[in-house]
Amino acid sequence: MPNRLAHETSPYLLQHADNPVDWWPWAPDAFAEARRRDVPVLLSVGYSSCHWCHVMAHESFEDGDTAAYMNGHFVSVKVDREERPDVDAVYMEAVQAATGQGGWPMTVFLTSDAEPFYFGTYFPPSPRHGMPSFRQVLEGVAAAWDDRREEVGDVAGRIVRELSSRSDSLTAAGTSPPSEAELHAALLALTREYDASRGGFGGAPKFPPSMALEFLLRHHARTGSEGALQMALDTCEAMARGGIYDQLGGGFARYSVDRDWKVPHFEKMLYDNALLCRVYAHLWRATGSDLARRVALETADFMVRELRTEEGGFASALDADSPAFEGADATTGKRVESADGTTGKRVEGADAAMGTYVEGAGAAMGTHVEGAYYVWTPEQLRTVLGEEDARLAAGYFGVTEEGTFEKGASVLQLPGEEKGSGSAERFVGRAVVGDGRADAARIESIRQRLLAAREERPRPGRDDKVVTAWNGLAVAALAETGAYFDRPDLVDAALDAADLIVRVHMDPAGRLSRTSRDGAAGANSGVLEDYADTAEGFLALSAVTGEGVWVEFAGLLLDTVLRHFTGGDKTGGDKGEGGPGNGALYDTPDDGEALIRRPQDPTDNAAPSGWTAAAGALLSYAACTGSSRHREAAERALGVVRALGPRAPRFIGWGLAVAEALLDGPREVAVVGPAADPATAALHRTALLGTAPGAVVVLGEPGAGAEDVPLLRDRPLLNGRPAAYVCRNFTCDAPTAEPSVLAGKVGKAAGTGA
């Protein structure tokens, strides 16, 4: 019989609707029930594409005896972290503070007042590698609750007090943005963490450093630093050559379990692909790299092909696991390397297999096998391609008899190429196999035949909820990629997603819902990243299309940020219409649900932090409109970047990128001319391809659009010709009608054609 989750809309929660566990969704009624029964709350947090969440579900939550014990001794609450990032953030902070690491599935035991007192992530069904079994944990917590209640209460109270004190250190970070010297110090600190032989930062598991890459590209554009550019180039090349990148269908997996980008954790997230699509497009803009062009376009095409919903938005993720098929090994487990203990960041499944091999994960999940959709054996290549082409494909894509993944299967990569040559031919045009060389047409034929054969395999599941923030990131990426490479279909996809956000996710007062599914808005309110990333997407869309209404919508969202996401308490605290006096921003609104602590985090995780994303959108909006209120709020919000940037640059990369834009101006470019005039299009394209950090571009007809976009005000044609006006730090250059002159004013792009 289905439990209470059967009435939810989250795909993750619905996956647990038929568990024998008497699950509750996060709601006041669940805590009231725990209070009535005088039992603790068992909080389980995960998401639909989380491999170890599925493993624990099959091992424990589908087991009748375990479920019976949970039902008898706890009120069990299941949360989708993507729907409720605020709940996830508060308790993940507690897990990390207590254990030094965190991950999903997250398992936390709470009092009926929602105060945490015992933590963990994955627990196996039997003791393993020094970890207790889940049943042992349940019995131990139940015994402590019954026999040592006062001690439990003391622990819970101390944890809540410690969490509350953390906000004080953030709000005391200062309100002055980073100086040029402090950004240079951040670059040096980032360089010390750089993996010069493999690209990226730190050890295994290795995550795509999307926000740090954007900082490096902007720093290079502002200062000419070749070292910054080389780190970005080499990291992007290593990822594109590795197994973390889907060599057949495009798009990036969540992370690499090794330092060499070879074996991924196979889930594909919208936010990763949106951010990396934009990074590679910007890398092409800066360098003209054919590799960057190819990866940007393939990643954009992946998002549209695999993640687009019928309503025009973009689904959250594709699962790491897929149903087993003939030739796939149903006992495949997966190695998850130890997280870097110095980072303090979250790692999915970290406690599940910290440097240990977990046998039988696929078997424990019935017919679902991690990576089955993506990996290949030599025999599978021969079946699809025949002997000769299979031999070529094996050499080109690094498929070996021993396998690079598990049980003789290999993740496709491009291992045989010379690193650093910078040639697209290395990736597409040539493959070195023995004494011969394969031409581009043959490799492309092999790629297409393998892709067609893979399409016949059982597909990974798709979490089809539409998350507002991640769709905002996708809007920005698709709009810019479409504009750079003359792909109007990608711009149209960005417009459709933006339109869905306005129609379904946003109310007339500028308040956002966190998610939608099947065209209906979810019940959960938007958090700071939803407002910030959507505003960023709308501003990028306006720059590409010249439609000023997107600037107006961005302003509505950012005004909501300044009214509701500042202040230290539910009554408004220190907030005002101009934003917080101390620069601090909170992840939840002042009129949102009260948790044990109002979550607040300026550091990036898999996506930009809401705090620094808001700073970036505020800065860009101020440049479009001339609003000193929004610019001052952006500058104050960057005070935390000044405090953290030189010490932890990997984890505040987006804030550093925004600070680069602030130091450069940002430059404001207004292009004015008839829409049908090719000269207008030439100036507009030149402006979009400018590499100046965070440059703001607006486009309009003569005498039109100034109501929505004040930057267009008083911008006439130049002797009857379309013109571009470039301003910076309250000073405007003489207008120009020549694209070559404009290019010199906005940073000349190396990418000069589609």
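Data block above holds the structure.
My aim in this report is to walk through the structure given alongside it, one point at a time. (Residues numbered from 1 in each chain as written. Predicted model: local features only at pLDDT ≥ 70, side-chain atom pairs only at ≥ 80, totals over all residues. Heavy atoms only, no water.)

We now examine the overall build of the protein. Tallying secondary structure elements over the protein gives 26 helices and 21 strands in all. Burial statistics for the protein: of 754 residues in total, 62% are counted as buried. Long-range pairs, those at least 24 residues apart, make up 71% of the contacts in the protein between residues at least 6 apart in sequence. Surface exposure of the protein reaches about 26,000 Å², of which carbon and sulfur atoms provide 49%. (Helix = DSSP H or I, 4+ residues; strand = E, 2+ residues; numbered from the N terminus. Buried < 20%, exposed > 50% of the residue type's maximum accessible area, 1.4 Å probe, protein only. Contact = heavy atoms within 4.5 Å. Areas by Shrake-Rupley, 256 points an atom, 1.4 Å probe, with all protein chains shown as cover.)

Grouped burial of nonpolar side chains is what soluble globular proteins tend to show. Residues Trp26, Tyr91, Leu216 and Tyr280 are the most contacted members of the largest nonpolar core, which totals 211 residues. By residue number, the principal contributor to this core is helix α11 (residues 270-287), which donates 11 residues. When sequence neighbours within four positions are dropped, the list of residues in contact with Trp26 reads Phe31, Leu43, Val77, Lys78, Val79, Arg84, Val87, Tyr91, Leu110, Glu593 and Leu595. (Core = buried A, V, L, I, M, F, W, Y, C linked by side-chain atoms within 4.5 Å.)

On to the packing of helix α14 (residues 378-385) against helix α16 (residues 440-455). Their axes nearest at 10 Å, the elements α14 and α16 cross at an angle of 105°. When the axes of α14 and α16 are compared, the pair comes out roughly perpendicular. Residues Leu381, Val384 and Leu385 of α14 form the contact with α16, whose participating residues are Ile446, Arg449, Leu450 and Ala453. Residues of the contact of α14 with α16, tallied by class, amount to 6 nonpolar, no polar and 1 charged. (Axes fitted to C-alpha atoms, helices over the stretch in contact; angles between N-to-C directions. Parallel < 35°, antiparallel > 145°, perpendicular 65-115°, else oblique. Nonpolar A, V, L, I, M, F, W, Y, C, P; charged D, E, K, R; others polar.)

On to the state of the cysteines. Applying the stated criterion across every chain, the model contains 2 disulfides. Residue Cys50 pairs covalently with Cys53 via a disulfide, S to S 2.3 Å. With the S-S dihedral at roughly 80°, the linkage between Cys50 and Cys53 falls on the right-handed side. Here Cys50 falls in the buried class, since its relative accessible area comes to 0%. In this model, Cys727 is linked to Cys732 through a disulfide, with the two sulfur atoms separated by 1.9 Å. Handedness here is read from the sign of the S-S torsion; for Cys727 and Cys732, about 100°, the answer is right-handed. (Disulfide = S-S within 2.5 Å.)

A word on the environment of Gly673. Here Gly673 lies in the loop between β18 (668-672) and α25 (678-688). The class for Gly673 is buried, based on a relative accessible area of 2%. C-alpha separation for the pair Gly673 and Arg715, spaced 42 residues apart in sequence, amounts to 9.6 Å.

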